[in-house]
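# Understanding the architecture of this molecule
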Amino acid sequence: MDDQQLLHASSFGAAAVAYAEHRPDYARDAVRWALEAAPGRRVLDLGAGTGKLTATLVALGFEVVAVEPDPAMLGELRRSLPTVRALAGSAEAVPLPDGSVDAVLSGNAMHWFDMAVAGPEIARVLSPGGVLAGLWNLMDDEVEWVDGLARVGGSAAVGPRDTPARWRVETAGMHLPKDGSPARFGSPEQAAFPHGQRRTADSLVATLATRAGVLVMPEEEREALLGRIGGFLAGRPETADGEFTLPLLTGVLRTLRL
């Protein structure tokens, strides 16, 4: 991980409470699809953050353990989901025994993993035939006002994995190590599932303020960007008055342990 990636990856802890309040959950159909080939119901939510994906897994009846490296994010997860086993750890150092889970899922976090190290670790904790799946919430930029929002927000607020077409390209090889070492997982499948989040203009601005690219901006630059986004939303009939549904898709990259 280069210095810029490290800065972005480590930016969330300071915004853990806002992340928990404003980030969306994941489409249940996407989670079901991710897990339909798993040999059992033991699931590791890796890079679990504040527990957005963990909560969906619990609601669907899976046996879940969560692993998260950031202490502030982990604290929010433990506060909101006190019955879930939640451990400090990372994709590169998973604090679980060999073969102890049937699937490893990661919500909006797999792009931070160093798969040269994380790949063998994830394969180690998976049972034979286990599933590895990454999930990302995408803004549906085929909707005209969402496309406009993406242009106003720029890459800091709406990044390369945040819209469907770019997500497919950016994540197609996400399960592979970048150093040329042997792959631990088979050919991936990708699918996207309709989702949505109820927002107001103010709460959508607050949501975009939790994006890594925005969190690491100098304060003056960040406030200017969020002001432009707020002005755009105030000027659109779809978003100017009260609550609306932000059109989302939950995209899934699914592969099996070799």
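Our structure is the block above this text.
The residue numbering used here restarts from 1 in each chain and proceeds along that chain's sequence as written. Residues qualify for local features only when their pLDDT is at least 70, as the model is predicted, and side-chain atom pairs are given and counted only at 80 or more; totals for whole chains, interfaces and linings, by contrast, use all residues. With hydrogens and water stripped out, all remaining heavy atoms of the structure feed into the side-chain values.

We now examine unusual backbone geometry. Its identity as a non-glycine residue notwithstanding, N108 has a phi of 50 degrees, on the positive side. Tracing the backbone through its elements, the reader meets N108 in the loop between β4 (101–107) and α6 (115–125). Under the scheme used here, helices are H or I runs from DSSP no shorter than 4 residues and strands are E runs no shorter than 2 residues, and both carry numbers assigned from the N terminus.

Here we come to the pattern of salt bridges. Two side chains with opposite charge may pair up if their charged atoms get near one another. Whenever Lys or Arg places a side-chain nitrogen within 4 Å of a carboxyl oxygen from Asp or Glu, that contact is recorded as a salt bridge. Under the definition given, this model contains twelve salt bridges. For D29, the salt bridge is made with R32, and the minimal N-O distance between the two is 3.0 Å. Remark: R32 and D29 occur in helix α3 (residues 28–35); sequence separation between them is three residues, near one turn of the helix. Since its relative accessible area comes to 41%, R32 is described here as partly exposed. The salt bridge partner of D98 is R124, with a shortest N-O separation of 2.8 Å. Pair noted here: D98 is in the loop between β3 (85–88) and β4 and R124 is in helix α6, with a separation of 26 residues, a long-range link. Each of E36, E189 and R254 takes part in one network of salt bridges that share partners. For the exposure calls, accessible area comes from a 1.4 Å probe over protein chains only, and a residue counts as buried if that area is under 20% of its type's maximum, exposed if over 50%, partly exposed in between.

Another aspect to go through is the nonpolar core. Buried Ala, Val, Leu, Ile, Met, Phe, Trp, Tyr and Cys residues form a nonpolar core when they are joined through side-chain atoms within 4.5 Å. If you look at the biggest cluster of nonpolar residues, it comprises 29 residues, and the most contacted ones within it are L44, L46, L96, V101, V104, F113 and I122. Mapped by element, the contributors of at least two residues to this core are β1 (42–46), β2 (63–68), β4, α6, β5 (126–139) and β7 (244–256). Broken down by element, the residue count for this core peaks at five residues, all from α6. Ignoring sequence-local partners within four residues, the contact set of L46 consists of V67, S90, A91, V94, V104, L105, S106, A109, F113 and I122. By definition in these notes, contact holds between two residues if any of their heavy atoms fall within 4.5 Å.

So, on to the sheet that holds β2. Criterion used throughout: strands pair if DSSP finds at least two bridges between them. A sheet is described by the order of its strands in space; here seven strands give the open sequence β3-β2-β1-β4-β5-β7-β6, paired in mixed fashion. Pairing within the sheet leaves two strands with one partner each, and these edge strands are β3 and β6 (189–199). Pairwise comparison of adjacent strand axes, ignoring direction, gives a mean angle of 25 degrees for this sheet. Alignment of β4 against β5, held across six bridges, turns out to be parallel. For V101, the partnering residue across the bridge sits in β5 and is L126. Under this scheme, a helix contributes an axis fitted over its contacting stretch, all axes are lines through C-alpha atoms, and angles between N-to-C directions fall in the 0 to 180 degree range. On top of the sheet, α6 reaches β1, β4 and β5; it is set at about 125 degrees to β5, its chief contact.

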